[in-house]
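Residue strings, one per chain:
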Amino acid sequence: MTDQPTFQSPDESSPAIKSEAEYALEKEARLPMTGWQQEVDQGLEFGLEAAASIRDRSIPTFSRGELPHYAGITTFMKAPYLEDVRKVGNYDVAIVGVPHDSGTTYRPGTRFGPQGIRRISALYTPYNFELGVDLREQITMCDVGDIFTIPANNEKSFDQISKGIAHVFSSGAFPIILGGDHSIGFPTVRGVCRHLGDKKVGIIHFDRHVDTQETDLDERMHTCPWFHATNMANAPAKNLVQLGIGGWQVPRPGVKVCRERATNILTVTDITEMGLDAAVDFAVERATDGTDCVYISFDIDCIDAGFVPGTGWPEPGGLLPREALYLLGKIVERVNVCGLEIVEVSPRRPMTLAISPR
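Here's what I pulled together on the structure shown here. This one's a predicted model, so the numbers in the text were calculated from it and none came from an experiment. (Residues numbered from 1 in each chain as written. Predicted model: local features only at pLDDT ≥ 70, side-chain atom pairs only at ≥ 80, totals over all residues. Heavy atoms only, no water.)

**With respect to the nonpolar core**
Line of reasoning, step 1. Of all hydrophobic cores here, the largest spans 38 residues; its most connected members are Ile204, Phe206, Leu243, Ile296, Phe298 and Ile331.
Line of reasoning, step 2. Counting residues per element, the ones that place at least two in this core are β1 (93-98), β6 (201-206), β7 (240-245), α9 (268-274), α10 (276-287), β9 (293-299), α11 (321-334) and β10 (337-343).
Line of reasoning, step 3. Setting aside chain neighbours within four positions, we find Phe206 in contact with Leu243, Ile296, Ser297, Phe298, Asp299, Cys302, Ala324, Leu327, Leu328 and Ile331.
Line of reasoning, step 4. Residues Phe158, Ala173, Val201 and Ala229 belong to the second largest nonpolar core, which totals 32 residues. (Core = buried A, V, L, I, M, F, W, Y, C linked by side-chain atoms within 4.5 Å. Buried < 20%, exposed > 50% of the residue type's maximum accessible area, 1.4 Å probe, protein only. Helix = DSSP H or I, 4+ residues; strand = E, 2+ residues; numbered from the N terminus. Contact = heavy atoms within 4.5 Å.)

In structure tokens:
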């Protein structure tokens, strides 16, 4: 037994190093309350003042805004629902649902992903402690609802998706897309590219699967988006970065395409051995080499199946949720992101839903 304590306070003469929590406390103090007050005022105006017995006079009679988390209309994080999508350019961020799973080759159910993600997102507040941000105070966000996809017809659905995403992107609003299976990755990127002119986009793809086959089961399925996306002049294959690839469900035809087109792949082992920050450097350098912006496609199955069993094709051995969130957070700090999608969320498993809105 040693007398040396497990924890030693830093020497008083050394400069103090603030913890993340200390920075978070300071950041919160600098955040305004303007957006919150506007939400309260609007709730009282539209939802009527509460009964006389209610002492907290910020509570309306009809639920409006963030609280309570179990009530209200289930838009994403209770953002305003925008009925008239022609006005989407009035907002900084637009949430777009793509309830399409006709491209799945194994487990269906991700057509219910947008509904499920919206439902669980009501649990969360617009404020994040570590980041020191309050979305309600710092951006304007709307939910435009879902694109009308065509069941059992991938190609018509792809046309609908590309048109919808092109409309949102061209308006100036930042699209956050809730899938849907991963076949939507091609038409979402195609929609962005329609308004890039001669500019280039890099793609950072979180997944356990390469998704680079030309066809699967004779169609363009959820194993195929990046073959077709990187056929477009705006999305060079050399700027496709694939993080977390591995396991027993990576079809060899897709691997052959990755080799021939020289995409950039890191396995989970690569990421953990080189370190998360080095993996971020790898992704950023390759996705931004000669490009003007970066599209991020996050397949929930990049996270270990023990955490996210509710997905179209679960695969053990993936990233930990903490690792995936760290990688994503650091990447978006360093690149010009033009759009982001979350795909392959099947809401039959509650744990999968808990992670997806993050």
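**Brief notes about the environment of Asp84**
Line of reasoning, step 1. Along the polypeptide, Asp84 turns up in the loop between α2 (34-47) and β1.
Line of reasoning, step 2. Linking Asp84 and Lys256, residues 172 residues apart in sequence, is a C-alpha distance of 45 Å.
Line of reasoning, step 3. Looking at Asp84, its side chain comes within polar contact range of the side chain of Arg86, at 2.8 Å. (Polar contact = N/O pair within 3.5 Å; in protein donor to acceptor, adjacent residues only side chain to side chain.)

**What to know about the sheet that holds strand β5 (residues 174-179)**
Line of reasoning, step 1. In spatial order, the strands read β4-β1-β5-β10-β9-β6-β7-β8; together these 8 strands make up an open sheet with parallel pairing. The open sheet has two edge strands, β4 (141-146) and β8 (264-267), and neither has a second partner. Across the sheet, the mean angle separating the axes of adjacent strands is 15° when strand polarity is ignored.
Line of reasoning, step 2. Judged from the 4 bridges that link them, β1 and β4 form a sheet pairing that is parallel. What sits directly across from Val93, in β4, is Met141.
Line of reasoning, step 3. The strands that helix α3 (residues 113-121) touches are β1, β4, β5 and β10; relative to β5, the one it contacts most, it runs at about 110°. (Pairing = 2+ DSSP bridges. Axes fitted to C-alpha atoms, helices over the stretch in contact; angles between N-to-C directions.)

Keep in mind that these numbers describe shape and distance, not what the molecule does.
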